[in-house]
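# Analysis of the macromolecular model
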Amino acid sequence: MKRNIVLSGVGGQGILLAAKIIAEAAELQGYQVTTHEIHGMAQRGGSVTAQIRYGEEVHSPLILEGEADILASLEAIEAIRYAHYLLPGGLAVISQQQLIPVTVSTGQAQYPADIEPMLARAFPRYKYLDFCSIAESLGNARMSNTVLLGALSTGLDEIPPATWEKAIAVCVKPAFVAMNTTAFHRGRAL
Amino acid sequence: MKQLLSGNEAIARGAWEAGVHAAFGYPGTPSTEILEALVKLPDVYCEWSPNEKVALEAAAGAAIAGTRSMVTMKHVGLNVAADPLMTLSYIGVVAGMVVVVADDPGMHSSQTEQDTRHYARLAKVPILEPGNAVDCRDFMIRAFELSEAYRCPVILRSTTCVSHSRFLCETKDRQARERMPFERNPSQFVPLPLWGRKLRVKVEERLDRQSTAAAAAADLNREFLRAPALGIISSGVAALHCLDIFPDASVLKLGWAWPFPDDLIRAFAGKVQRLVVIEEGDPILEEHIKALGIACDGKNIVPRTGELTPARLMQVKSAIDGQPHPVPTAIADAADLPARPPILCAGCPHRGLFYALSKFDVVVTGDIGCYSLGVFPPLSRTDVILCMGGGFTLAHGMSKAGETRPVVGIVGDSTFFHSGITGLLNMVYNRGNATLIVADNRTTAMTGHQDHPGTGKTLMGDPTIAASIPDIARACGMKRIRVIDPNDIDNTIAVFKEELYVDEPSLIITQAPCVLNDKSAVRAPLHINPDACKNCRSCLKLGCPAIESADKKTKPAINPQLCTGCAMCQQVCKFNAITKA
């Protein structure tokens, strides 16, 4: 068994925490785990990814394009930018949140008007949901990463809900564990 | 105990377990988190030094005084610290000392792509290359042992991918270590030519012994013997990619590749039918292996530049097999997506500086830091960048060359202390007339908000002096010094008008805290009243990510989640359309 997961988004959205929780859950489940993160200049509002690999034996921390079981994105077009990482038939989980890049606001480029047809072309299997609003309704829009995590967890049968809960408890500050656990389960039920 | 550690955390952990007593460094992606992780562990002295040369020299002092020490930096930092490294190789250390250098293949956050292995050869010191966090911890402990065994500093070379990947690591307790006595011995520690010539011979003899030891170091240099048809010699994380991409190939993963383990290389080459050297960086191993008379492929099929990603290794595989192994590339729709380059954050005080500069016809020499981003549209207000401290010195040289436009040299506050002071002194001493600016946001922002000599706090968290940039400039003989708030755009422009055209040296310190670091600078978000807004798009010329406009017909709006209330947009709006939300 080998699992490859790519998370994408915009610097500052919280994909590093989501990656950490996945890695922790896989570790608790007894797998070898490796993750890869982007730090530094790219974090300043740039397009960023995090990668998680786990299984009986993993060597490289980097996922080969076309071999990700799951692609999850916290921003709509950032899913399309990394669509080629997904296995044919892999699961895409995409937030409806749209963050307009400065290149668009200053007239150098255009943000696509209609995203759904692009998603349909890119992904045979995808969930395109308003994770932000769900997180906001649960008390904090910043938890959209945990809601998204719940949604993508349905594609990882080998990790049961109890393990996810433990991983959240390890990775999230104590005061926010209960809230994030609820957010995770809301995402999982979507 | 097992912990999921990043390469940088594992380097810190290994050093701590090895009983490191003192650690020095200057922040630089991808190396920064090493000292940030180490300072959280007990009983280690850690400091941010003003630059890498200072840090390496201080670490050398600690190691000569008989305690295990280390120094951390990014690859370009070793350019700054190269001078002491060369001589330290001669005079040596008493207790172990490790020079941790993180290279950045692919130039994710760097101005050059350098292969630190060249420095190991130049300084004639061993270099270890971990491939993941497990190696990082283990190799760090071994690096201290080797440093003590040969009485010379040892380089540990990480890369971006190694430093920022996580792996499950077995961790142990810290070794108890006593300080080893420093005993006076000028013929060892003072490299005057009469003694230096003898030390020079010893360095060369040391290399032969190290080469033999490296060939026998099975824990650092690992053979993965699989089928004999294809043999790969590689190092670092590239070797780990190879284990996945070439599942049938035998792989010699070199963790101690220099001084070259010749006997091991010869033995491995004898076990395989075809040999390929896959190196991230320059063909250092390949050229040596060919010099040994062993036939191999290398940079004829392996990319010379950039990071060796799995996808690029699939291309290498195609070249080896003679049959294509296609890898998916970005889909057609992705080509039309708007780019999302890194930008100055919402509320960044540097924005006011560059916006004000955009009102003048000047030549701007910038430097390394967040303010490098001032080069991008719509601000587009940096013309040349060279290196740390170069913002000041380039400006002086350009104005001395007779550049007819006013020349403006910019460095950041951390950069000022790193290597800006000598450039300022030089310009004043030599009667230059460029305008120097310190973009002072009270922190080392780009690397994640580290303290520096101007912040009043040490890496250990202790309060300390806050060195004054104006006082230092005054001591260097600078007469015209202005300290202004770049969030006040009109005043910034007015001060530039007064300072840019004077025929004498001038220093402007644009001082306001980084809003990511100092939350007290964050104010309530602003709002654009759509009835008052004429869609003149002046506010968009600030290039603020909080001001969004999907297309030219859509009036701009402020994203309240991003806005920090800096009010620069309010100042440039001619129609008073921007108010508190």
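Every chain is numbered on its own, with residues counted from 1 as its sequence reads. Each chain takes a letter, starting from A, and each ligand takes a number, starting from 1, following the order in which they are written. Per-residue local features of the predicted model are confined to residues with pLDDT of at least 70, and side-chain atom pairs are confined, for both listing and counting, to 80 or more; whole-chain, interface and lining totals are unaffected and use all residues. The basis for every side-chain value is the complete set of heavy atoms in the structure, and neither hydrogens nor water enter the calculation.

Another aspect to go through is the UniProt feature "binding site: [4Fe-4S] cluster 2" (unreviewed entry) in chain B. Residues and elements named next belong to chain B. As recorded in UniProt, the sites labelled "binding site: [4Fe-4S] cluster 2" (unreviewed entry) are Cys544, Cys563, Cys566 and Cys569. In summary, the annotated positions, though distributed over 26 residues, converge in three dimensions, the widest C-alpha pair being only 10.6 Å. Turning to its location among the elements, Cys544 is positioned in the loop between β20 (526-528) and β21 (547-548). By the criteria applied, helices consist of DSSP H or I runs no shorter than four residues and strands consist of E runs no shorter than two, each listed in order from the N terminus. Here Cys569 is to be found in helix α20 (residues 568-572). Residues in contact with Cys569, not counting those within four places in the same chain, are Leu526, Cys539, Leu542, Ile547, Ile558 and Ile578. UniProt positions are given in the numbering used here, feature names are shortened, and annotations may be inferred rather than shown by experiment. Contacts: residue pairs with any heavy atoms within 4.5 Å of one another.

This paragraph deals with the domain arrangement of chain B. Note that the domain bounds were set by an automatic or database domain assignment. Each domain of chain B was delimited in the assignment, giving domain 1 (2-216), domain 2 (221-321), domain 3 (350-518) and domain 4 (523-581). Computed over C-alpha atoms, the centres of domain 2 of chain B and domain 3 of chain B are 46 Å apart.

Opposite the 57 residues of chain B that make contact, chain A presents 53 residues. Accessible area that two parts lose when put together, with a 1.4 Å probe and added across both, is what the buried area reports. Carbon and sulfur atoms make up 62% of the surface buried where chain B meets chain A, a total of about 4,700 Å² over both sides. Salt bridge, as used here: a side-chain nitrogen of Lys or Arg that lies within 4 Å of a carboxyl oxygen of Asp or Glu. For the interface between chain B and chain A, the tally reads five salt bridges. Across the salt bridge formed by B:Arg340 and A:Glu78, the nearest N and O atoms sit 2.6 Å from each other. In the analysis that follows, any N or O atom pair within 3.5 Å is treated as a polar contact, provided that within protein one partner can donate a hydrogen and the other can accept it, and provided that, for residues neighboring in sequence, both atoms belong to side chains. Remark: the boundary between chain B and chain A carries 17 residue pairs in polar contact (both at pLDDT 80 or more). Among the elements of the structure, β1 (2-6), β8 (165-170), α11 (236-245), α14 (310-321) and β21 of chain B are those that each provide at least two residues to the side of chain B that touches chain A. With six residues, α11(B) is the single largest residue contributor to the side of chain B that touches chain A. Taken together, the residues of the side of chain B that touches chain A sort by class into 35 nonpolar, 13 polar and nine charged. Only Asp, Glu, Lys and Arg are considered charged, only Ala, Val, Leu, Ile, Met, Phe, Trp, Tyr, Cys and Pro nonpolar, and every remaining residue, Gly among them, polar.

Residues and elements named next belong to chain B. Applying the stated criterion to the full structure yields 37 salt bridges over all chains. Glu57 serves as the salt-bridge partner of Lys53, at 2.6 Å between the closest nitrogen and oxygen. Here Lys53 and its partner Glu57 are both found in helix α3 (residues 52-64), four residues apart, which amounts to about one turn of the helix. Among the residues examined, Glu57 registers a relative accessible area of 34% and is labelled partly exposed. Salt-bridge contacts for Asp440 lead to Arg442; the nearest nitrogen and oxygen are separated by 2.6 Å. Connected through shared salt-bridge partners, Asp103, Asp115, Arg117, Glu129, Arg157 and Glu279 make up one network. Exposure categories follow from relative accessible area, calculated using a 1.4 Å probe and restricted to protein chains: below 20% of the type maximum is buried, above 50% is exposed, and the middle band is partly exposed.

Residue and element names in this part refer to chain B. Two elements in contact, helix α1 (residues 7-17) and helix α7 (residues 133-150), have axes separated by 7 Å at closest approach and are oriented at 30°. Here α1 and α7 pass one another in a crossing that is right-handed. Facing Gly7, Ala10, Ile11, Arg13, Gly14, Ala15 and Glu17 of α1, the residues of α7 in contact are Ala133, Cys136, Arg137, Met140, Ile141 and Phe144. Residues belonging to the contact of α1 with α7 are distributed by class as follows: eight nonpolar, two polar and three charged. A fitted line through C-alpha atoms represents every axis, and for helices the fit uses only the stretch in contact; the resulting angles, taken between N-to-C directions, go from 0 to 180 degrees. Handedness of a crossing is defined here by the sense of rotation of the near helix relative to the far one, left-handed for an anticlockwise turn of less than a right angle and right-handed for a clockwise turn.

What follows is about the sheet that holds strand β6 (residues 126-129) of chain A. Being paired, for any two strands, means DSSP has found at least two bridges between them. On the basis of which strands lie adjacent, the open sheet formed by eight strands has the order β6(A)-β5(A)-β4(A)-β1(A)-β3(A)-β2(A)-β8(B)-β1(B) and mixed pairing. The open sheet is flanked by β6 of chain A together with β1 of chain B, the only strands paired with a single partner. Pairwise comparison of adjacent strand axes, ignoring direction, gives a mean angle of 20° for this sheet. Bridge count between strand β4 (residues 68-73) of chain A and strand β5 (residues 86-95) of chain A: five bridges; the pairing is parallel. The residue bridging A:Ile70 from the neighbouring strand is A:Leu91, located in β5(A). Of the strands in this sheet, β1 and β8 of chain B are in contact with α1(B), which crosses β1(B) at around 120°.

What follows covers the pairing of strand β5 (residues 97-103) of chain B. Residues and elements named next belong to chain B. Summarising burial for β5: seven of the seven residues are buried, a large majority. The sheet contact formed by strand β4 (residues 69-74) and β5 spans six bridges and is parallel. Counted as the bridge partner of Ser69 is Met97 from β5. Bridge analysis of β5 against strand β7 (residues 154-159) gives six bridges, and the strand direction is parallel. Among the inter-strand pairings, Asp103 is bridged to a residue of β7, identified as Thr159.

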